Amino acid sequence: MFATMGALGLAPTAQAAQHEEPFRALRASDFTLTGRSAAKVVVLGGGIAGLTTAYELGKAGYDCMVLEARDRTGGRNFTVRGGDSTTDLYGNRQTARFAEGHYMNAGPARIPQWMVTLDYCRELGVPVEVFTNVNADAYLFNESAGMTKPVRYRTAKADVYGYVSELLAKATNKGALDKELTADDQERLVDFLQDWGALGDKLTYEGGERRGYSAVPAAAGTPGVLLGDLPTASQVFASGVGRYFSFEFGFDQAMLMFQPVGGMDQIPRALTRAVGAHRIRTGAAVGKITDKGSGVTVTYTQGGRTKVVEADYCVAAMPPNILAKIPHNLGSGVQSALEAITPSSAAKIGLEYRSRWWELDHNIYGGITETDQDVVHIWHPSYGFHGERGIMIGYYNYGDDADSYAKLAPKEREKRAVAAGVKIYGEKYRTELVSSFSHHWRQTPHLEAAWHDTPGGPDAPRYKPLNEPSGRVHFAGDWLSYTDAWQHGAFTSARKAVTAVHTRVLSD
Ligand code: PHE
């Protein structure tokens, strides 16, 4: 058994702390000469973690059945297109009216290059394209700081970098860093600041082309007109624009980022095809989980009828807040761990426009406008450039902002979001609008969360009962990973559960 675990990368080794073992995909040949064979596994939840569990186990011939409560697979990976309908827990029913070829990714929408999500796109043949997460031409808008019109990222960055550089260069030259740096290092620092902040010969920031132009440079005779009104350092810091710059430094948010061509749900669609529709029951809500020691019994309701499935193993890949409501005999440790993980809110509204006025009038192609409004983030679409129509994300917000919009009827959500957008972009934000669709994860049946808060992190002792099997029930989901709220967490957690199940089957 130890040798098998070693082969699968589960046995501890000297390098384990530094080098985490890569996932090794299962193969049917793993069973050759072992006298053992693939088992039957019931997978609870047809989101990314559940589908991946069935997909990876299927590579070694496991007989999987996926139970999914909603009428489609994908879980929080949900792409909304014209004709799609939802009903939230308040009873608001919406049908998207988006034109052919247009969509909004209501859940995951951006993929960093280091995440295994891109490896699955490659393996499954899902084409990807760049998702613009940061755009120098997008806007920043802090109304509470007295801004009456938005400022471009490039302008805000030029001013903040410029004045910070000027101040640090001056402080350095006054000897403020004499204890920290040698004279040579101070000279190098000042050289850097001069370049970084575009400082003049006197080490002062005087604006310049980085801020942008009111008339762009063109043919001879038209050198361009620089943006006027260089604010003072005091005005720049008072505007608070600098607080948006660190977002792109995050390991998980740095450009380049990617999205599947045609919508994020190309991923669960491809997984669903690879698993096989005959192995997936949709509209199947789990009612009870019983570990019997030698196997697992799961009851579920489908079309008003209660059904039973017996399996050798179970992988529970449902949201913890939903799992916590399902009767089981997995012990109080499992239950209290599930209850310690709390659901979080997030929401988006898609605003469909009859013209791409943000490209035509503002020269903004993709990227995000950051605001201090309750809409928080406004996204420009990273597909369909120069097309006739387009869908903006009018709000992507979390927590109380998301919940307060959820309490409104969909038309009122639209009105409030549009009023915020008009302050930034002007009247076309209202007059060009043709339809909208809003989605609130905390109010979505069978999910009731956008993501989860796991106090102490997934390896805190209280979650031990979820990180190891309870009898023959294993757990998987982004909420059991260090990248919750990312598909990467669901993929890697599923891989861990798959490896653990396979190791048991090979050594039982
Ligand atoms: N993955 C989600 C997003 O990119 C949620 C998230 C936001 C996760 C920020 C971590 C940091 O919007």
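See the structure above.
First, a word on scope: everything that follows refers to the structure included in this document. The structure displayed is predicted, hence computed values, not measured ones. (Residues numbered from 1 in each chain as written. Predicted model: local features only at pLDDT ≥ 70, side-chain atom pairs only at ≥ 80, totals over all residues. Heavy atoms only, no water.)

### Here we look at the packing of aromatic side chains
The geometry of two aromatic rings is summed up by the distance between their centres and the angle between their planes. Scanning the model with the defined rule gives 25 aromatic pairs in all. Centre to centre, the rings of tyrosine 163 and tyrosine 205 are 4.9 Å apart; their planes meet at 80°, and the pair counts as edge-to-face. Of this pair, tyrosine 163 sits in helix 4 (residues 153-173) while tyrosine 205 sits in the loop between helix 5 (183-196) and strand 11 (213-215), and the two are 42 residues apart along the sequence. Each of the two residues, tyrosine 163 as well as tyrosine 205, counts as buried. Ring geometry for tryptophan 379 and tyrosine 396: centres 5.4 Å apart, planes at 90°, overall edge-to-face. Of this pair, tryptophan 379 sits in strand 22 (residues 377-380) while tyrosine 396 is found in strand 23 (residues 390-398), placing the two residues 17 residues apart along the sequence. (Phe/Tyr/Trp six-rings, centres within 6.5 Å; stacked < 30°, edge-to-face > 60°. Helix = DSSP H or I, 4+ residues; strand = E, 2+ residues; numbered from the N terminus. Buried < 20%, exposed > 50% of the residue type's maximum accessible area, 1.4 Å probe, protein only.)

### A few points about helix 3 (residues 116-124)
Buried residues of helix 3: Val116, Thr117, Leu118, Tyr120, Cys121 and Leu124, and no others. Elements in contact with the buried residues of helix 3: helix 2 (48-58), strand 7 (111-112), strand 8 (128-131), strand 13 (257-260), helix 7 (266-275) and helix 15 (487-507). Positive backbone phi, approximately 75°, marks glycine 125, located one or two places after helix 3. (Contact = heavy atoms within 4.5 Å.)

### As for the nonpolar core
Counting residues in hydrophobic clusters, the biggest one holds 46 residues, and the most contacted among them are Leu140, Tyr353, Met392, Tyr425 and Tyr429. The leading source of residues in this core is helix 4, at 7 residues. With residues up to four places along the chain from it excluded, the contact list for tyrosine 353 reads Trp358, Arg389, Gly390, Met392, Lys428, Tyr429, Glu432, Leu433 and Val434. With 40 residues, the next largest nonpolar core counts Ala39, Met264, Ala497 and Leu506 among its residues. (Core = buried A, V, L, I, M, F, W, Y, C linked by side-chain atoms within 4.5 Å.)

### Here we look at the sheet that holds strand 16 (residues 296-302)
Across the sheet, which stays open at both edges, the 3 strands sit in the order 15-16-17 with antiparallel pairing between neighbours. At either margin of the open sheet sits one strand with a lone partner, and together these are strand 15 (284-291) and strand 17 (305-311). Here the average twist between neighbouring strands, direction ignored, is 20°. (Pairing = 2+ DSSP bridges. Axes fitted to C-alpha atoms, helices over the stretch in contact; angles between N-to-C directions.)

### Let's talk about the pattern of salt bridges
In this structure the tally under the stated criterion is 27 salt bridges. Across the pair arginine 279 and aspartate 63 runs a salt bridge, and its minimum N-O distance is 2.9 Å. Taken together, the positions of arginine 279 in the loop between helix 7 and strand 14 (280-281) and aspartate 63 in strand 2 (residues 63-67) put the pair 216 residues apart, joining distant regions of the chain. For arginine 279, a relative accessible area of 25% corresponds to the partly exposed category. With its nearest N and O atoms 2.8 Å apart, the salt bridge here joins glutamate 310 to lysine 292. With glutamate 310 in strand 17 and lysine 292 in the loop between strand 15 and strand 16, the pair connects residues that are 18 residues apart, well separated along the chain. On the basis of relative accessibility, which here comes to 39%, the residue glutamate 310 falls in the partly exposed class. (Salt bridge = Lys/Arg side-chain N within 4 Å of Asp/Glu carboxyl O.)

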